[in-house]
Amino acid sequence: MDLIRLANDDAINAACEHLTRGRLVAIPTETVYGLAANAWDADAVAKIFVAKGRPSSNPLIVHVASIDDLDRAVALPLLSGVQSQLDAIADLWPGPLTVVLPASKRIPTQVTAGLSTVAIRVPSHPVAQELLRRCPFPIAAPSANRSKYVSPTTAAHCCGGLSGHLAMVLDGGPCDLGLESTIVRLSDDGPRLLRPGSVAAESLAARLNISLDELMPAMNPPDHEPSELSAPGMMREHYSPQTCLRLIDDARIEPLATKAGRIAFKQLSADEASRYTIVETLSENGDLSEVSRKLFAAIRRLDGAELDLIIVDVCEPIGLGRAIMDRLRRAAAGHRSD
Ligand code: TXA
Ligand code: MG
């Protein structure tokens, strides 16, 4: 049978069966595809790290069907201050938001990389929802790509590099959002943004009634030293294609001698487009939700097109633009000599 199966009722049951038996399944979510295992099964979780080539020091996100299942992964009750923070943002679930909270003892140390906290998310994708409701355990799932490569936004993307490790890929269509979830850590020290995503930092700060500076005092760019305020593994994670990637701001390339591809956020003039071997236009008019939905697939396509260079547009780093620029800076940083 094909590795990729359309996510109908039978296929979702089969995925649940594989997970129950400790196997890995790639699953769709509204952000990116995840590499799923039973989060209570330490041996199954260990397979995720092998499949991805991921350092064991980089913890995983645990997924549940609803906030009512929080106790499957989180130590309850929460301190009252932390509970109030969660109450202020809980309306964003199901959705592209991951919250870091104290970990339940039921979660093996492989999932949390030995931390006392666990990252937890309630995804909204109907297939992920259905699968989580059918499984009597929470699901650990990092993005379904080899460590350091671009996250997958289609079922086919999950097969490159991981196929030998997968029992199946549940095909739920292309991901709606296309960028990994926003991560926020809640604690008595106050909420901290660990990773920007489709839930804008601005809307988190407004709900939590704090300023952006309080929410993200030390959002270091990827070429800075790791800080304890960051998600472990985020600082040095570059998510880069094989092909050299440059932002249009940094690219000093005059008449192009190189074979270059361009990822444009909106339509280029014919004159400008003619300078490139391939142009991928993500949106006619620069709509950032369209840009984020299509960005990773475009990077993967150009990475397979035997180019010398990929040049990508930039946008203002506010709202969704902050998440887009975070991922692009990481992709570009992966090719610096330092
Ligand atoms: O949208 C997403 O979040 C996708 C889908 C599949 O849910 N998942 C995803 O997982 O992006 P991954 O492993 O690629 O990224 C998880 C990030 C890592 O940077 C990790 O360091 C951080 O979450 N993380 C996990 N547990 C944490 C914890 N206890 N404290 C701080 N950061 C944590
Ligand atoms: Mg990832």
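Before reading on, note that the structure itself is shown above.
Residues numbered from 1 in each chain as written. Chains lettered and ligands numbered in written order. Predicted model: local features only at pLDDT ≥ 70, side-chain atom pairs only at ≥ 80, totals over all residues. Heavy atoms only, no water.

### What to know about the overall build of the protein chain
No. 1: Within the protein chain, the secondary structure is distributed over 10 helices and 14 strands.
No. 2: Taking 338 residues into account, the globule formula puts the C-alpha radius of gyration at 20 Å, and the protein chain, at 20 Å, falls close to it.
No. 3: On the principal axes, the C-alpha backbone points of the protein chain span a range of 60 × 50 × 35 Å.
No. 4: Burial statistics for the protein chain: of 338 residues in total, 54% are counted as buried.
No. 5: Restricting the contact set of the protein chain to residue pairs at least 6 apart, pairs at least 24 apart contribute 69%.
No. 6: When the accessible surface of the protein chain is split by element, carbon and sulfur atoms take 49% of a total near 14,200 Å².
No. 7: Computed over 34 positive and 41 negative side-chain charges, the inter-centroid distance for the protein chain is 4 Å. (Helix = DSSP H or I, 4+ residues; strand = E, 2+ residues; numbered from the N terminus. Rg over C-alpha atoms; globule rule 2.2 N^0.38 Å. Buried < 20%, exposed > 50% of the residue type's maximum accessible area, 1.4 Å probe, protein only. Contact = heavy atoms within 4.5 Å. Areas by Shrake-Rupley, 256 points an atom, 1.4 Å probe, with all protein chains shown as cover. Lys, Arg positive; Asp, Glu negative; His and termini not counted. Charge placed at Lys NZ, Arg CZ, Asp CG, Glu CD.)

### Description of the nonpolar core
No. 1: In this structure, Ile 89, Leu 97, Val 99, Leu 101, Leu 204 and Leu 215 are the most contacted members of the largest nonpolar core, which totals 50 residues.
No. 2: Elements supplying a minimum of two residues to this core: strand 3 (34–38), helix 2 (42–52), helix 3 (80–89), strand 5 (97–102), strand 6 (117–121) and helix 6 (201–208).
No. 3: Per-element tally for this core: the top contributor is helix 2, with five residues.
No. 4: Core analysis: the second largest hydrophobic core is formed by 26 residues, Ile 299, Leu 307, Leu 320 and Ile 324 among them. (Core = buried A, V, L, I, M, F, W, Y, C linked by side-chain atoms within 4.5 Å.)

### Topic: the pattern of salt bridges
When charged atoms on two side chains of opposite charge get close, those side chains can pair.
No. 1: According to the stated counting rule, one finds 14 salt bridges in the structure shown.
No. 2: When the shortest N-O distance is used, the salt bridge between Arg 21 and Glu 17 registers 2.7 Å.
No. 3: Taking the relative accessible area as the measure of exposure, Glu 17 reaches 40% and is therefore partly exposed.
No. 4: Ionic pairing is found between Glu 130 and Arg 133, a salt bridge with its closest N-O pair at 3.3 Å. Of this pair, Glu 130 and Arg 133 both sit in helix 5 (residues 126–134), three residues apart, roughly one helical turn.
No. 5: Taking the relative accessible area as the measure of exposure, Glu 130 reaches 24% and is therefore partly exposed.
No. 6: Look at the salt bridges and you will find they share partners, linking Asp 9, Glu 130, Arg 133 and Arg 134 into a network. (Salt bridge = Lys/Arg side-chain N within 4 Å of Asp/Glu carboxyl O.)

### Re helix 10 (residues 320–333)
No. 1: With 14 residues, helix 10 extends 20 Å between its outermost C-alpha atoms, agreeing within 8% with the 20 Å of an ideal straight helix rising 1.5 Å per residue.
No. 2: With respect to burial, helix 10 is a largely interior element, 13 of its 14 residues being buried. (Expected span 1.5 Å × (residues − 1).)

### Notes on the side chain of Gln 85
No. 1: Here Gln 85 shows up in helix 3.
No. 2: Beyond its immediate chain neighbours, meaning those up to four positions away, Gln 85 contacts Leu 186, Ser 187, Gly 190, Pro 191 and Leu 208.

### Remarks on the pairing of strand 8 (residues 168–171)
No. 1: Sheet analysis places strand 1 (residues 4–6) next to strand 8, joined by three bridges and oriented parallel. Bridging from a neighbouring strand, Leu 6 pairs with Asp 171 of strand 8.
No. 2: Two elements, strand 2 (residues 25–27) and strand 8, share two bridges in a ladder whose sense is parallel. Each bridged residue has a counterpart across the sheet, and for Ala 26 the counterpart in strand 8 is Val 169. (Pairing = 2+ DSSP bridges.)

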